[in-house]
Amino acid sequence: MVVGDVTTGTEVLVIGAGPGGYVAAIRAAQEGLDTTLVEKDAYGGACLNRGCIPSKALITGSGLAHEAGNAEFMGVHADPAVDMGKMIEWKDGVVDRLTGGVEKLCKANGVNLIEGTASFVDEHTARVAHGGEGQGSESIEFEHAVVATGSRPIQIPGFDFAEDHVWSSAEALDADTVPDRLGIVGGGYIGMELATTYAKLGADVTVVEMLDDILDPYEDDVKRIVRTRAEELGVEFHFGEGASEWSEAADGGYLLHTETEEGEESTYGVDKVLVAVGRRPVTDGLDLGEAGIETDDRGFIETDDRTRTAVDHIHAVGDVSGEPMLAHAASKEGIVAAEVIAGEPAAMDQQAIPAAVFTDPEIGTVGLTEAEAEAEGFDPVVGEMPFNASGRAMTTGHTEGFVRIVADDETGFVLGAQIVGPEASELIAEVALAIEMGATLEDVAATVHTHPTLAEAVMEAAENARGQAIHTLNR
């Protein structure tokens, strides 16, 4: 203990107030446990402040502007002007309301909130350094701990986020002006969401990706629809190329230099460079070794199905514990951690966890693909419903994509689904529920769906798998 430390005690110490941490803290408090939540930055974590929520706000704003300016086929003629500063102000307002809501929920449930940076002293003690000069620190003795420190964007050599023209996703979501030319390094879900967003806002977007396609590991026909739509929006792709460096250009902008594995070099003119090559766990600075916890070679904390680390009374949830690095998975893990600590028979026993990509069109997936089902020993049957045969999709002007549902041929049990098209992020929830409850194709097909809706496509895909589709040709 350092001189001046104040020592306090708590039953449950939660480090990090993201979607895993604050949910764990609230559920632990609901279980009657004295709970302390430490956050060094902002309640809601990266998801709420620098990721999920702000990105979806800008996706919505840019999409609305693009829709309004491209609806002549509906008889709507408009030339919308985007006030980027106002859009960012609106986005920040959404974030502020949600972060304030998280703080209020924690307090209302009796969670003790501490602002500062926590690190382990030993397996039952942590030190919290408070921000600001002269603020000092305090030691907290705990019976149980939950590490929920999340992840941060990966930096690549030569592209320092401290440079004004080099963006991480956080800077891309805070920009109050749209660059004329935006270079994006990485064609994963973050890169593709922001590529379509900025293309709709008027930027000339160039995506460089070392792999031979975007959105690895989604299926080829899913990726093709998203890539084709992005190209229609003006996004330019260069595959098999990795970013090597940047340099200043004579026109006042910058040059993004790339290189293939064979050593072939290319150069692209840009005004900003967004690096979106993935995220890595935030475990540095925690002094995990002092608590007897080691990380793997990528910095992740290994956990069991009850979210326990190698030290049973210390749990880890969310991005810091590895894939799937999804906010909703983190929240579920946070609930499991709190309930295990409270002595409940909880575990991560989900049959499938859905995922979504908010590109144009959206992607929603859950469970197994046909190939994965075969690899696991199933004899899969597959049904599809194209959105170009959906009356509701036609009335929205968005008919790209399809619903694909995968089931076991012998039993009819639903195993998975891949949806690419309008509102895929919402539609996938129905199939996730079907998998979780052990529903069959007949259960989904026999459920009466509201007409006209996009959700009817899920019902029709199930009927198609049974050879009984009405509104599309049976496979």
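Now for a quick tour of the structure. (Residues numbered from 1 in each chain as written. Predicted model: local features only at pLDDT ≥ 70, side-chain atom pairs only at ≥ 80, totals over all residues. Heavy atoms only, no water.)

## Some words on the sheet that holds strand β13 (residues 254-259)
Thinking step 1. Within the open sheet, the three strands sit side by side as β12-β13-β14. Their pairing is antiparallel. In this open sheet, the two edge strands, each paired with only one partner strand, are β12 (242-248) and β14 (265-270). Between one strand axis and the next, the sheet turns through 25° on average, direction left out of account.
Thinking step 2. Bridge count between β13 and β14: six bridges; the pairing is antiparallel. Within the sheet, the bridge partner assigned to Tyr-254 lies in β14 and is Val-270. (Pairing = 2+ DSSP bridges. Helix = DSSP H or I, 4+ residues; strand = E, 2+ residues; numbered from the N terminus. Axes fitted to C-alpha atoms, helices over the stretch in contact; angles between N-to-C directions.)

## Here's the deal with the pattern of salt bridges
Thinking step 1. Following the criterion strictly, the structure yields 21 salt bridges and no others.
Thinking step 2. Across the pair Asp-271 and Arg-181 runs a salt bridge whose closest N-O atoms are separated by 3.1 Å. Here Asp-271, found in the loop between β14 and β15 (272-275), pairs with Arg-181, found in strand β9 (residues 181-185); they are 90 residues apart in sequence, far enough to count as distant.
Thinking step 3. For Asp-271, a relative accessible area of 23% translates into the label partly exposed.
Thinking step 4. Overlapping salt bridges, with partners in common, bring together Glu-219, Asp-221, Glu-384, Arg-404 and Arg-475 in one network. (Salt bridge = Lys/Arg side-chain N within 4 Å of Asp/Glu carboxyl O. Buried < 20%, exposed > 50% of the residue type's maximum accessible area, 1.4 Å probe, protein only.)

## Brief notes about the state of the cysteines
Thinking step 1. Applying the stated criterion across every chain yields a total of one disulfide.
Thinking step 2. At a sulfur-sulfur separation of 2.4 Å, the disulfide partner of Cys-47 is Cys-52. Judged by the torsion about the S-S bond (-125°), the Cys-47/Cys-52 disulfide is left-handed.
Thinking step 3. You can call Cys-47 buried: its relative accessible area is 17%.
Thinking step 4. Among the residues examined, Cys-52 registers a relative accessible area of 30% and is labelled partly exposed. (Disulfide = S-S within 2.5 Å.)

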